[in-house]
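Report on the structure
The residues making up each chain are set out below.
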Amino acid sequence: MSGEPLGYLALVLHAHLPFVRHPEYEDFLEEDWLHEAITETYIPLLAMMGHLEQDGVPFRLTMTLSPPLLAMLDDELLTRRYQRRIESLVEFAEREVERTRFEPAFNATARQYLERFRQARSLFSDAWHGRLIGAFRHFAESGSLEIITCTATHGYLPLMLRREAVRAQVFTAVRSHQRLLGAAPRGIWLAECGYVPGVDEALREAGLRYFFLDGHGLLLGHPRPRLGVFAPVATRAGVAAFARDPESSKQVWSSKEGYPGDPAYRDFYRDAGYDLDFDYVRPYIHPSGLRKFTGIKYHRITGPGAAKEPYDPAAAHQRAVEHAGNFMFNRQRQMEHLAAHMPGRQPIVVAPYDAELYGHWWYEGPEFLEALFRKLHAEQSQVLAATPWEYLERQPRLQVVEPSASSWGYQGYHEVWLNPSNDWVYRHLHKASDRMVELANANPDPGGALRRALDQAARELLLAQSSDWAFIMKTGTMVDYAVRRTREHIARFWRLERMAAQGRVEEPALAALEARDCVFPELDFRVYRSDHAF
Amino acid sequence: MVMMARDPWWLFTYWDLSPERMAEGLAWAQGRPHEGVLRVYDEAGAWQDSPVHLDQLGHYVNIWAPGRQYVAEVGLRDQQGGFLPLLRSNFASAPPDQPSSDLGEEWVDIFGAAALWAASWCRGPQGLSSMDLALLASPSSPWGGASEHLASAWMAGSLASSWSSPGAAWGASPSSPWGAAAGQGQAGAAGPGRGRKFFLWSKTELILYGGTEPDAALTVSGKPVALRPDGTFTLRFALPDGDLDLEVKAISVDQAETLGMTHQVKKGTRR
């Protein structure tokens, strides 16, 4: 960073997907989540960073790569399946370019898909040899990208009663991050921004130096934070807490006022997988014949009605550039305003988003980001993009504030993950956590199969704790899958618990579970010990 | 018995009453009329009763003051107001709903915070206590006869609890939209006519197919077409309204022979 800006802008993208890996099926619908995110979000974001690097445009971006996402990106089976998927998409797009030959309104879009899918294939397979983690690492090592971690399985900490359970989520995340990215994370994105007092101590103990809160988590903190959400605070445990700026968030997030709802942008829901003749799309939908999203979409948002106009890629790109200019303009005015109220201190505006918003939902999102970084660099000097860590290095003096329990979910607290659709999971998660702690305390140094069974029990508990399951139960779609995953992991936990308690480990059953739920190979169940000796 | 704060105004509690504990309760009642009650206390000693079924799976409690610690008991109450607690929960802290009135300021260097860190471990009851006290406070193990209770609760799964959400409609939350996405797509994207009650849509495509010598060069309206190993080909085009000429031309591999034909297609739509 150079020069003295009025203030700093920290763009934070939280990339996470639950651990979904089903070797027992040849083609598993929920594995699409990963495939879609790779094609539509992760590769476009990496390509964007590549363009900026190539053109010598400095940028600063902070990204979570959640531990389950890292585990899936590192997984050989899922990598192979993605290669199959991108091949199929290229083939589909080739046929689409042909099919739309006499429909000029759609042909340009078909060509854009073909070009992007080919680029994705070439980057994934040829440039990065199937290793997206390496590509992210490249930008981290150049200092442009700060990669932070998340709770181990996106576990929602405020609803975990035991300190040991919180600690296991945090420590497991840090170790997995270190193994796959070669360096310990300095920051963490708490799943769903979910915080309760006490969590900061586990973070500090795991060596994490900063985390994020939703705005009210800081504003309702104690004592009242003097600089509001525009400066991080230090918790009692000595960890820095950054808070989300509601204003910059709303401009992007809001479905009504936000940029992604612009009529020129691509409509997410009209997809060739649903729109085209069944026999024709059959090879590109689920083998069972279930229609699904293919990622090829030809219409723009147009307006609130069902009638949709053809998508115009060039017009949409132009709009993304305009929106980047508008976003920058608003941040400049915001910084001028803040500077007048914060003498002697440069404010930071923290703008966090789900990474999958960019590209997957908001197709033009990566173009927006690229245009924003170019404009921030070339057109002004008031706002400087920075990572939270850089900000702390420049402004290490922080007010001590105990943040309030909060999340960034609906209503700002825990309701999304604790309501009549999903509250039944907690008695099971709490019970299993209690038992896991007992087992960890009772087995200081087990060997052989017992050790493996306990490690696997810890993995099953962590997987059951994914907040994604409760979230899906609340949203009411794909509920069966979320319920099934919760029940399966809890049942597997108790099966392993029985083996451990009875001292009779069934080797083949254990090996099968290890092979299936193969997340966190480095995990040591003693992370659950109450005395923190591990 | 476990209690969690959901937000500044609501708590959620669940419990699991062992048959032995239940028997103690019935012995206390000695046949007098009685009802199951959830009693919630705040840190100042104020309390509030809600009628509950002792075998229900959970209960949401609307509390009277944000920013306080709460603890709950579930038990039996007779008509004279006598109360026998059967289980006690952990303490749960409801977050505040107002900014702190404490404007005191303490500033530290985040990179020199070691002393602060050490001190934090000796902190009083406001920090980790709510977590730590979670299980200490129970008068009896809430998981007595665990496996049976677990099994029955398991079967009951997500059956309704006593509370119906006042704000159940899913708002525009910025939390991970993935689950919602997949779902909305499935429900919403059933074709171009989605969003209406009754709808009709239909479109036309044109299939052009044929064959020539496998090593010949084939073009359709000037554009090269890849042949299958047996020399056949199939093309599929979206067919909009209007006139379309499709000129199919094959040139032999030695370029000595050329064959061609033109399909003339006229397509219109009447509504």
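Before any of the text, the structure's been laid out above.
To start, this report covers the structure provided alongside it. (Residues numbered from 1 in each chain as written. Chains lettered and ligands numbered in written order. Predicted model: local features only at pLDDT ≥ 70, side-chain atom pairs only at ≥ 80, totals over all residues. Heavy atoms only, no water.)

**A short note on the packing of helix H9 (residues 246–253) of chain A against helix H12 (residues 313–341) of chain A**
All names here are of chain A. Between H9 and H12, whose axes approach to 11 Å, the crossing angle comes to 170 degrees. Compared by their axis directions, H9 and H12 come out roughly antiparallel. Along this stretch, H9 crosses H12, giving a crossing that reads as right-handed. Contacts between H9 and H12 involve Glu247, Ser248, Gln251 and Val252 from the former and Asn326, Phe327, Asn330, Arg331 and Gln334 from the latter. (Axes fitted to C-alpha atoms, helices over the stretch in contact; angles between N-to-C directions. Helix = DSSP H or I, 4+ residues; strand = E, 2+ residues; numbered from the N terminus. Parallel < 35°, antiparallel > 145°, perpendicular 65-115°, else oblique. Left-handed = near helix turned anticlockwise from the far one by under 90°. Contact = heavy atoms within 4.5 Å.)

**Quick look at the packing of helix H15 (residues 424–442) of chain A against helix H16 (residues 448–464) of chain A**
Residues and elements named next belong to chain A. Taken N-terminus to C-terminus, the directions of H15 and H16 make an angle of 155 degrees; their axes are 10 Å apart at the nearest point. Taken together, the axes of H15 and H16 are roughly antiparallel relative to one another. Like other packed secondary-structure pairs, H15 and H16 cross with a definite hand, here left-handed. Where H15 abuts H16, its residues Leu429, Ala432, Ser433, Met436 and Leu439 lie against Leu454, Ala457, Ala458, Leu461 and Ala464. Here the contact of H15 with H16 is built from residues that sort into 9 nonpolar, 1 polar and no charged. (Nonpolar A, V, L, I, M, F, W, Y, C, P; charged D, E, K, R; others polar.)

**With respect to the nonpolar core**
Residues and elements named next belong to chain A. Residues Met49 and Met63 are the most contacted members of the largest nonpolar core, which totals 209 residues. At 12 residues, the largest contribution of residues to this core is made by helix H1 (residues 32–54). The contact partners of Met63, leaving out residues within four places of it in the chain, are Leu13, Ala15, Leu45, Met49, Phe136, Leu145, Glu146, Ile147, Ile148 and Ala355. (Core = buried A, V, L, I, M, F, W, Y, C linked by side-chain atoms within 4.5 Å. Buried < 20%, exposed > 50% of the residue type's maximum accessible area, 1.4 Å probe, protein only.)

**A short note on the state of the cysteines**
Residue and element names in this part refer to chain A. Counted under the stated rule, the structure contains 0 disulfides over all chains. Free cysteine: Cys150, not disulfide-bonded; nearest cysteine sulfur from Cys193 at 9.9 Å. For Cys193, a relative accessible area of 0% corresponds to the buried category. (Disulfide = S-S within 2.5 Å.)

**Digging into helix H13 (residues 365–378) of chain A**
Residues and elements named next belong to chain A. Given a rise of 1.5 Å per residue, 14 residues ought to cover 20 Å, and the 20 Å separating the end C-alpha atoms of H13 matches this to within 8%. Counting buried positions along H13 gives 11 out of 14 residues, so the element sits mostly inside the fold. Check the buried side of H13 and you find it contacts strand S1 (7–15), H1, strand S2 (61–65), helix H4 (104–127), H12 and strand S9 (383–385). (Expected span 1.5 Å × (residues − 1).)

**Remarks on a negative patch on the surface**
All names here are of chain B. A contiguous patch of negative charge, built from Glu213, Asp215, Asp254 and Glu257, is present on the exposed surface. Relative to the assigned elements, Glu213 resides in the loop between strand S10 (205–211) and strand S11 (217–220). On the basis of relative accessible area, Glu213 is assigned to the exposed category, the value being 54%. (Patch = residues over 30% accessible without salt bridge, like charges linked within 9 Å, V, L, I, M, F, W, Y side chains within 5 Å. Areas by Shrake-Rupley, 256 points an atom, 1.4 Å probe, with all protein chains shown as cover. Salt bridge = Lys/Arg side-chain N within 4 Å of Asp/Glu carboxyl O. Lys, Arg positive; Asp, Glu negative; His and termini not counted. Charge placed at Lys NZ, Arg CZ, Asp CG, Glu CD.)

**Description of the side chain of Asn422(A)**
Note that Asn422(A) resides in the loop between strand S10 (397–400) and H15. From its side chain, Asn422(A) meets the backbone oxygen of Val416(A) in a polar contact 3.0 Å long. (Polar contact = N/O pair within 3.5 Å; in protein donor to acceptor, adjacent residues only side chain to side chain.)

**What about the sheet that holds strand S12 (residues 223–225) of chain B?**
Residues and elements named next belong to chain B. Strand order in the open sheet made by the 4 strands is S12-S11-S14-S15, with antiparallel pairing throughout. The sheet is open, and its two borders are formed by S12 and strand S15 (258–267), each paired with just one other strand. Strand-to-strand twist of the sheet, defined as the mean angle between neighbouring strand axes without regard to direction, takes the value 25 degrees. (Pairing = 2+ DSSP bridges.)

**Comments concerning the sheet that holds strand S1 (residues 2–5) of chain B**
All names here are of chain B. Read across the open sheet, the 3 strands follow the order S1-S2-S5; overall the sheet is antiparallel. Taken across any chain shown, the strands that pair with only one partner, and hence form the sheet edges, are S1 and strand S5 (59–62). Across the sheet, the mean angle separating the axes of adjacent strands is 25 degrees when strand polarity is ignored. Relative to strand S2 (residues 10–14), S1 is paired through 4 bridges, and the arrangement is antiparallel. Across the sheet, Val2 pairs through a bridge with Tyr14, a residue of S2.

**Some words on the pattern of salt bridges**
Between side chains of opposite charge, a pair can form when the charged atoms approach closely. Counted by the stated rule, this structure contains 62 salt bridges over all chains. Of the charged contacts in the structure, one is a salt bridge between Arg236(A) and Glu106(B), with a shortest N-O distance of 3.1 Å. One end of the pair, Arg236(A), is in the loop between strand S6 (233–234) and strand S7 (240–243); the other, Glu106(B), is in the loop between strand S8 (92–93) and strand S9 (107–109), on a second chain. The salt bridge partner of Glu514(A) is Arg452(A), with a shortest N-O separation of 2.9 Å. One end of the pair, Glu514(A), is in helix H19 (residues 507–516); the other, Arg452(A), is in helix H16, and 62 residues separate them in sequence. The class of Glu514(A) is partly exposed, set by a relative accessible area of 23%. Salt bridges here are not isolated pairs; linked through shared partners, they connect Glu96(A), Arg99(A), Asp277(A), Glu205(B) and Arg236(B).

**Structural notes on the pairing of strand S4 (residues 47–51) of chain B**
Residues and elements named next belong to chain B. Sheet topology note: the strand S3 (residues 34–42)/S4 ladder contains 5 bridges and is antiparallel. By the bridge assignment, Arg39 is partnered in S4 with Asp49. The antiparallel pairing of S3 with S4 creates a hairpin that spans 4 residues between the two strands, and Gly45 there sits at a positive phi of about 95 degrees.

**Some points on the packing of aromatic side chains**
All names here are of chain A. The final tally for this structure, using the stated rule, is 43 aromatic pairs over all chains. Ring centres of Tyr25 and Phe28 lie 5.2 Å apart, and the angle between their planes is 35 degrees; this geometry places the pair in the tilted category. On the basis of relative accessibility, which here comes to 39%, the residue Tyr25 falls in the partly exposed class. Given the relative accessible area of 9%, Phe28 is considered buried. (Phe/Tyr/Trp six-rings, centres within 6.5 Å; stacked < 30°, edge-to-face > 60°.)

**Here we look at unusual backbone geometry**
Look at the link from His222(A) to Pro223(A): it is a cis peptide, with omega at -10 degrees. When you line up the elements, Pro223(A) lands in the loop between helix H8 (215–219) and S6. In the Ramachandran plot, His129(A) falls in the positive-phi region, its phi being about 50 degrees despite a non-glycine side chain. Along the polypeptide, His129(A) turns up in the loop between H4 and helix H5 (132–141). Within the chain, Gln30(B) stands out as a residue other than glycine whose phi angle is a positive 45 degrees. Mapped onto the elements, Gln30(B) comes out in the loop between helix H1 (19–29) and S3.

**Section: the pairing of S2(A)**
Residue and element names in this part refer to chain A. In terms of residue burial, S2 counts as a mostly covered element, since 5 of its 5 residues are buried. Of the two faces of S2, the one holding Leu61, Met63 and Leu65 and the one holding Thr62 and Thr64 are both buried throughout. In terms of strand pairing, S1 meets S2 through 4 bridges, oriented parallel. Note that in S2 the partner of His14 across the bridge is Thr64.

**Quick notes on the environment of Pro96(B)**
Position of Pro96(B) among the secondary structure elements: in the loop between S8 and S9. Exposure remark for Pro96(B): the relative accessible area of 26% places this residue in the partly exposed category. Through-space distance from the C-alpha of Pro96(B) to that of Gly67(B) is 3.8 Å; in sequence the pair is 29 residues apart. Each residue touching Pro96(B), except ones within four places of it in the same chain, is listed here: Leu220(A), Ser404(A), Tyr413(A), Pro8(B), Pro66(B) and Gly67(B).

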